[in-house]
Amino acid sequence: MQAELAMGPPASEGRWATTVVARHTARKAVRSAVLWGYVFGAYLATQALAYASSYKTISERALIAKEFGTNAGISALVGPAHELQTVAGFTVWKCLAVLGVVGAVWGLLTGTRLLRGEEEAGRWELLLAGQTTRRAASAQALAGLGGGVAALWVVTAVITVLVGRSSKVDFSVSGALFLAVAVVAAAAMFLAVGALASQLAPTRRQASTCAGAVLGVSYALRMVADSGAGLDWLRWVSPLGWIEQLQPLTAPHPFALLPIAGLIAVLCWLTVRLAGERDLGGSTFPDRPGSVAHTRLCSGPLGLNIRLMRSTLVGWGVGIAAYGLILGLVAKSGGSALSSSASMKRALSRLGATGALAYLGVAFLMMAVILAIVSAGQISASRAEEAAGRLDHFLVRPVSRSSWLAGRLLVATVVLVMGGLLAGACTWLGAASQHTGVSFASVLDAGLNVVPPAVCILGIGALVFGAWPRASTVATYGVLVWSFLVELIGGVVGLNHWVLDTSLFHQMAAAPAVHPDWATGGVLVAIGAVTAVFGVTAFAHRDLRGE
Amino acid sequence: MGEMAIRTEGLSKHYGSVHAIEHLDLEVAEGEVVGYLGPNGAGKTTTIRLLLGLIRPTAGRAEIFGLDCQRQVVEAHRRLAYVAGEASLWPSLTGAETLHLLGRVQGRVDDSYRDELIGRFDLDPSKKVRAYSKGNRQKLILVAALMTRPALLVLDEPTSGLDPLMEQAFRHCVHEARERGQTIFLSSHILSEVEALCDRVGILREGLLVEMGTLAEMRHLSALTVEATFEGPVPDLSRIAGVSSVEVVGHLVRCQVRGTIEPLLKVLATSGVRELLSREPSLEELFLAQYGASSEDPDTQAHAS
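Residues numbered from 1 in each chain as written. Chains lettered and ligands numbered in written order. Predicted model: local features only at pLDDT ≥ 70, side-chain atom pairs only at ≥ 80, totals over all residues.

Before going further, it helps to examine the domain arrangement of chain B. Residue and element names in this part refer to chain B. One can read the domain layout of chain B as domain 1 (4-214) and domain 2 (219-302). Here the C-alpha centre of domain 2 lies 38 Å away from the C-alpha centre of domain 1. Contacts between the two partners involve 10 residues from domain 1, matched on the other side by five residues from domain 2. Mapped by element, the contributors of at least two residues to the side of domain 1 that touches domain 2 are helix H7 (191-197), strand S9 (200-205) and strand S10 (208-214). (Domains from an automatic or database assignment. Contact = placed C-beta atoms within 7 Å. Helix = DSSP H or I, 4+ residues; strand = E, 2+ residues; numbered from the N terminus.)

The following block contains the structure:
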């Protein structure tokens, strides 16, 4: 990188200028990495402490190990289990696959946002202003992303080490540090995938889609490898498989870091190389500069809204359908594993359900989270239209603010209901194919049951958008993350019920394990509707605000 | 005429302690072409965003064709079109799709005029907005506004990023609009543009409207520039009533004259003048005078823009 940086002027001011992209990228990457580091750490700590306090006796732990450790359905979903009779084994098993996927998604979105996104927005042009080459700028951006990975690791590692010091958990410091490496490895690899995709594709969206496809294939390969079908070698083909091979805490294999580091190095090298061979703003595979006009949806704000979010929603739809199918497929075996654990049985008997329904009842929390993310995305998209000034084009024409916002919220609500129905229907399909014996109506109800929290978040988001526009994205995702963490941690640590009640997901019945609580769901929808009305009114009476 | 296209009464907009617009009384009659001048940050865009109802006034009110800019936004917007100086559009739409969308939202489009405008501005509507240059994006929103033939055109530095040819095309369109009786409110800091197009001019300074009138009226109040070349030595002109900013370069004298020119002429008549040139101040000089820039050296000022 030194040789490339030599392009800049020699003065000290020049040196400042030649690292400007690195610092700009690092600042943004570290900010979000620290936040996710807390989420990773909190999740990890919860799993470890929950296991340690719920399964105190050796026999309980042996039972858990026997049931989950040999269950192919669950293995395929979250990876194979090793030494489930120990806190370490259980924690690794519960965290590695889940946080790996979350980290990979964060990595690819962050990578494409900070490379292609910043370039697309023209900010690099401002930052660079001829001070450096495209190649050096990309190398700098990669260094900035490296700062993000480091921050993610540091926060995760500190929390892991602290939790490991608890006598109940008892991880060695080096073991905890290596666990943190394994947990953030996927994020690091997919940051690099996102960086390379940013060179290949001309827009941030296309780059994310491209990187997302790589993640999908990796996950699918890992799933097949772990499904017990005798294709274990496939684990060596998938980046997510390499992470499993690290086996932190239980049987550490640091050599599995080699393919991981190798992949990152190759991706970074390709990124810098391709960046040098294209124009600023261009891409290896260029965009079609024009196309035939498709004016069917260009009829007004609503049509445009549908057109612009079409591809994103199709992506979410495919994700929800796939997740639902998988849940349905593994519900039977997952359910039997759940009900054979003594304490789980106690917990589930409170729910009044057993088997597949109980499993789905627990797993549908993730469906609720997915829908809530879709919902929050709608708010941040609305804010983006305003902040970029594109909303002006409608509001200087005969379009009222309230109709614009209300229309968008209405479309979003319809999308959420469709998402819920899709989740239910696909889960039923998967379950029915295994003759699991769950009724279509109960799973469809479970699908609709996850809609109210998302609608509530939509309404709260609309209120913040109406009253404090610049805070709308942060506040909406804040409510979402808070609700998720409280629900996740609260059940384990035994949080005060006042705190638990602040989680929107806590208000949701664990359908299909129990009957959906339509009354509470109705209250959530009503809160969403009322806050939305206030939001629309506030929006109609405030100044438009740019970024 | 008769009805007011734009009327503001005591319109003010404060951002905390910053007074972006202070007690603005503005009237633009139907069919008028009014220029709105001021340096960056004087409050031009704030005024326009208030007129469009995009922001709310701290005090006072604004009307478009008698319709309140806050409460009757939709009705008012049926009669106007707006062009911003910075065009942020949907990058994935093509030019044609954008025009279709904005036309449908406005509700009425003169299709043949739209096609004529596309030709005049040399725009390729099949390209995606992402692939357009800044100038082309600007042309796109100009076409989108003009194609609806609105009763009122609100233009906020509409020609930023346009090349001189396109600037000509724009002026042509404004002339046409004016012929048809459309009202035009043009905010700009390209003074030649305002000078060429506008009947009346308002000058804004730190949120206050400091001058409003026709160019002729403004010139009348302002100084006349006189240049005289002498055959012999240059007499002392600085003590003559009304004369100021005297500048001597060899045999050439340049000075400003306020009020009647008679005392100066008397002196010149007896001093052996070979050449005499007088001209009215350009809008640029009026503008700079308004902003307290030194009017000592009109030549450099003329090149300032």
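All names here are of chain B. Spatially, S2-S1-S4-S5 is the arrangement adopted by the four strands of the open sheet, whose pairing is antiparallel. Lying at the two open borders of the sheet, with one neighbouring strand each, are strand S2 (18-29) and strand S5 (67-68). Pairing geometry for strand S1 (residues 4-15) and strand S4 (residues 59-64), over five bridges, is antiparallel. Residue pairing for S4: Ser12 is matched across the bridge by Ala59. Of the strands in this sheet, S1, S2 and S4 touch helix H1 (residues 44-51), which is tilted by about 65° from S2. (Pairing = 2+ DSSP bridges. Axes fitted to C-alpha atoms, helices over the stretch in contact; angles between N-to-C directions.)

Turning to unusual backbone geometry, a few remarks are in order. Across the junction of Ala511 of chain A and Pro512 of chain A, the peptide omega takes the value 5°, indicating a cis bond. Along the polypeptide, Pro512 of chain A turns up in the loop between helix H21 (497-501) and helix H22 (518-540). Of note, Arg149 of chain B is a non-glycine position whose phi angle comes to about 45°, a positive value. Relative to the helices and strands, Arg149 of chain B is located in the loop between helix H5 (134-146) and strand S7 (152-156). In this structure Arg149 of chain B comes out as partly exposed when scored by C-beta crowding, with 17 C-beta atoms within 10 Å. (Buried ≥ 20, exposed ≤ 12 C-beta atoms within 10 Å, placed from the backbone.)

Residue-level pLDDT values for chain A average 87, and 91% of them are 70 or greater. Between residues 1-13 of chain A, whose pLDDT stays under 50, and residues either more than four places distant or in other chains, the model counts 18 contacts. (pLDDT = per-residue confidence, 0-100.)

Take the interface of chain A and chain B next. A common way to express how large an interface is: the accessible area buried when the components associate. Residue-level contacts link 27 residues of chain A with 28 residues of chain B. At the level of elements, helix H13 (301-340) and helix H16 (392-395) of chain A are the ones that each hand at least two residues to the side of chain A that touches chain B. When residues in the side of chain A that touches chain B are grouped by element, the largest group, four residues, is from H16 of chain A. Residues belonging to the side of chain A that touches chain B are distributed by class as follows: 12 nonpolar, 10 polar and five charged. (Nonpolar A, V, L, I, M, F, W, Y, C, P; charged D, E, K, R; others polar.)

Let us look at the sheet that holds strand S11 (residues 224-230) of chain B. All names here are of chain B. Strand order in the open sheet formed by four strands is S12-S13-S11-S14, with antiparallel pairing between adjacent strands. Looking along the sheet, the strands with just one partner apiece sit at the ends: strand S12 (243-249) and strand S14 (273-279). Geometrically, the sheet is characterised by an average inter-axis angle of 15° between neighbouring strands, direction not taken into account. As paired strands, S12 and strand S13 (residues 252-257) are joined by five bridges and run antiparallel to one another. Along S13, the bridge assignment pairs Glu247 with Arg254.

With that out of the way, let us pick up the packing of helix H10 (residues 204-225) of chain A against helix H11 (residues 239-246) of chain A. All names here are of chain A. Contact geometry of H10 with H11 gives a least axis separation of 7 Å together with a crossing angle of 50°. The angle between H10 and H11 falls in the class oblique. Contacts between H10 and H11 pair Ser218, Tyr219, Leu221, Arg222 and Ala225 from the former with Pro239, Leu240 and Gly241 from the latter. For the contact of H10 with H11, the per-class residue count stands at five nonpolar, two polar and one charged. (Parallel < 35°, antiparallel > 145°, perpendicular 65-115°, else oblique.)

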